[in-house]
Amino acid sequence: LATLINCISVKTSARVQDVLSSIKCLVLLSIIITGVVSAFKENHLLDKPFFTDDTKAADVVFAFYGAIYSYGGWSQITHIAEEIKNPTRNIPWALIFGIFIITLIYIGTNVAYFVVLDALTIASTDAIAVSFAAATWGPVAATVIPICVAISCFGTLCAGYFSSARVMLAAGRQGHLPLIFSFITAETSLPLTSILLRGCLAVCYTFVGSVEALIVGAVFLASLAGVFVVLTLFVLRFTMEDAPRPYRVPTVLAVIKLVVLVALIVLPFL
């Protein structure tokens, strides 16, 4: 379905993403408001944390993997820079405000979970949003939450199709993929072949294993690729010193990024 939506037109895909993202934000804001109200009744936020002496660095890193995957969409806008008006101005502002707003919403949502649910419940539940809804809104709402989660996941999937297809399009233009993936449709300017390739890959991924395995694999590979991206940045600073750079990444941020990425790759094996 996500493949079909992205094959229709850019506007159709964008509208679907807008609607689904709005639903997601409304649900999350409802959770945050409920958490604020519940804080005046029973607050588990200051309960004893469930870290133990047996917690290993790898366990912490794997926990970070889930968080990184949740925030992972922040960089997708750079993949569609070609289709953005005045990208030099609009992309930085979109990144700044987008990351800021999403961070507030996500942190607020997690704080609400910790306010309502005790540490043992959070550590043992497979669906924390369902447990939250059952504890606050009742069993009927708890049955609706999985639908909301599915809507959120589908919206993320559509956005992923939208951006990753443009990466494949660029790879086709540069000769890293067969030339056919550099084609766009005459009427809608869609990278149709790249979108279809993305759909085929998505079908293949469903046979890999659990969602957890997919998340760990995706973040690990993304971190590994990120290391090479940052190293390439340093190389180009010396080999193409005078090249025009619409965006110049501060060196200190690049170094911090590199250190974090290396830690995410190495620590799980220690």
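Residues numbered from 1 in each chain as written. Predicted model: local features only at pLDDT ≥ 70, side-chain atom pairs only at ≥ 80, totals over all residues. Heavy atoms only, no water.

As for the overall build of the protein chain
So, point 1. When helices and strands are counted, the protein chain shows 10 helices and zero strands.
So, point 2. Counting from the amino terminus, the protein chain carries its helices and strands in the arrangement α-α-α-α-α-α-α-α-α-α.
So, point 3. Principal-axis analysis of the C-alpha atoms gives the protein chain an extent of 60 × 40 × 40 Å.
So, point 4. In the protein chain, which comprises 270 residues, the proportion classed as buried is 29%.
So, point 5. Once local pairs closer than 6 in sequence are excluded, the contacts in the protein chain between residues at least 24 apart make up 68%.
So, point 6. Accessible area for the protein chain stands at about 17,200 Å²; split by element, carbon and sulfur atoms hold 72% of it.
So, point 7. Averaging the positions of the 15 positive and the 14 negative side-chain charges in the protein chain gives two centres separated by 12 Å. (Helix = DSSP H or I, 4+ residues; strand = E, 2+ residues; numbered from the N terminus. Buried < 20%, exposed > 50% of the residue type's maximum accessible area, 1.4 Å probe, protein only. Contact = heavy atoms within 4.5 Å. Areas by Shrake-Rupley, 256 points an atom, 1.4 Å probe, with all protein chains shown as cover. Lys, Arg positive; Asp, Glu negative; His and termini not counted. Charge placed at Lys NZ, Arg CZ, Asp CG, Glu CD.)

Re a nonpolar patch on the surface
So, point 1. Together, Leu-45, Leu-46, Tyr-71, Trp-74, Ile-99, Ile-102, Ile-107, Val-111 and Phe-114 give the surface a local cluster of nonpolar side chains, amounting to about 800 Å² of exposed area.
So, point 2. Here the nonpolar patch gets five residues from one element, more than from any other, and that element is helix 4 (residues 87–116).
So, point 3. Secondary-structure assignment places Ile-99 in helix 4. (Patch = residues over 30% accessible without salt bridge, like charges linked within 9 Å, V, L, I, M, F, W, Y side chains within 5 Å. Salt bridge = Lys/Arg side-chain N within 4 Å of Asp/Glu carboxyl O.)

A short note on the side chain of Ser-182
So, point 1. Summarising the element assignment, Ser-182 is placed in the loop between helix 7 (139–174) and helix 8 (192–205).
So, point 2. Reaching out from Ser-182, the side chain makes a polar contact with the backbone oxygen of Leu-179 at a distance of 2.5 Å.
So, point 3. Non-local contacts of Ser-182, meaning those with residues more than four positions away in its chain, are made with Leu-169, Gly-172 and Arg-173. (Polar contact = N/O pair within 3.5 Å; in protein donor to acceptor, adjacent residues only side chain to side chain.)

Digging into unusual backbone geometry
So, point 1. Phi at Asn-86 takes a positive value of approximately 45°, unusual for a residue other than glycine.
So, point 2. Within the secondary structure, Asn-86 sits in the loop between helix 3 (57–71) and helix 4.

Some points on helix 8
So, point 1. Along its 14 residues, helix 8 runs 20 Å from first to last C-alpha, staying within 8% of the 20 Å computed at 1.5 Å per residue.
So, point 2. Those residues of helix 8 that are buried are in contact with helix 1 (2–8) and helix 7. (Expected span 1.5 Å × (residues − 1).)

Description of the domain arrangement of the protein chain
So, point 1. For the protein chain, the assigned domains are domain 1 (1–48 + 75–207) and domain 2 (210–269).
So, point 2. Just the C-alpha atoms count here: the centres of domain 1 and domain 2 sit 22 Å apart. (Domains from an automatic or database assignment.)

Structural notes on the nonpolar core
So, point 1. Counting 18 residues, the largest nonpolar core has Ile-31 and Phe-132 as its most contacted members.
So, point 2. Listed by contribution, the elements that provide at least two residues to this core are helix 2 (10–39), helix 4, helix 6 (128–136) and helix 7.
So, point 3. Sorting elements by how many residues they give to this core places helix 4 first, with six residues.
So, point 4. Aside from chain neighbours lying at most four places away, what touches Phe-132 is Ile-31, Thr-34, Gly-35, Ala-112, Tyr-113, Val-116, Leu-117 and Trp-137.
So, point 5. Counting residues in each nonpolar core, the second largest holds seven residues, with Ala-2, Tyr-161, Ile-195 and Ala-202 among its members. (Core = buried A, V, L, I, M, F, W, Y, C linked by side-chain atoms within 4.5 Å.)

Considerations on the UniProt feature "transmembrane region" (unreviewed entry) in the protein chain
So, point 1. In this numbering, the UniProt entry assigns the feature "transmembrane region" (unreviewed entry) to residues 19–40, 60–81, 93–116, 136–162, 183–208, 214–236 and 248–269.
So, point 2. As annotated, residues 19–40 comprises 95% helix and 0% strand, and the C-alpha atoms at either end are separated by 33 Å.
So, point 3. Secondary structure within residues 136–162 divides into 93% helix and 0% strand; the distance between the first and last C-alpha atoms comes to 36 Å. (UniProt positions renumbered as here; feature names shortened; annotations may be inferred.)

Looking at the environment of Thr-121
So, point 1. Structurally, Thr-121 is set in helix 5 (residues 119–124).
So, point 2. In the structure, Thr-121 is positioned 10 residues away from Ser-131 in sequence and 8.1 Å away in space, judged by C-alpha atoms.
So, point 3. Polar contacts involving the side chain of Thr-121 include one to the side chain of Asp-118, which spans 2.9 Å.

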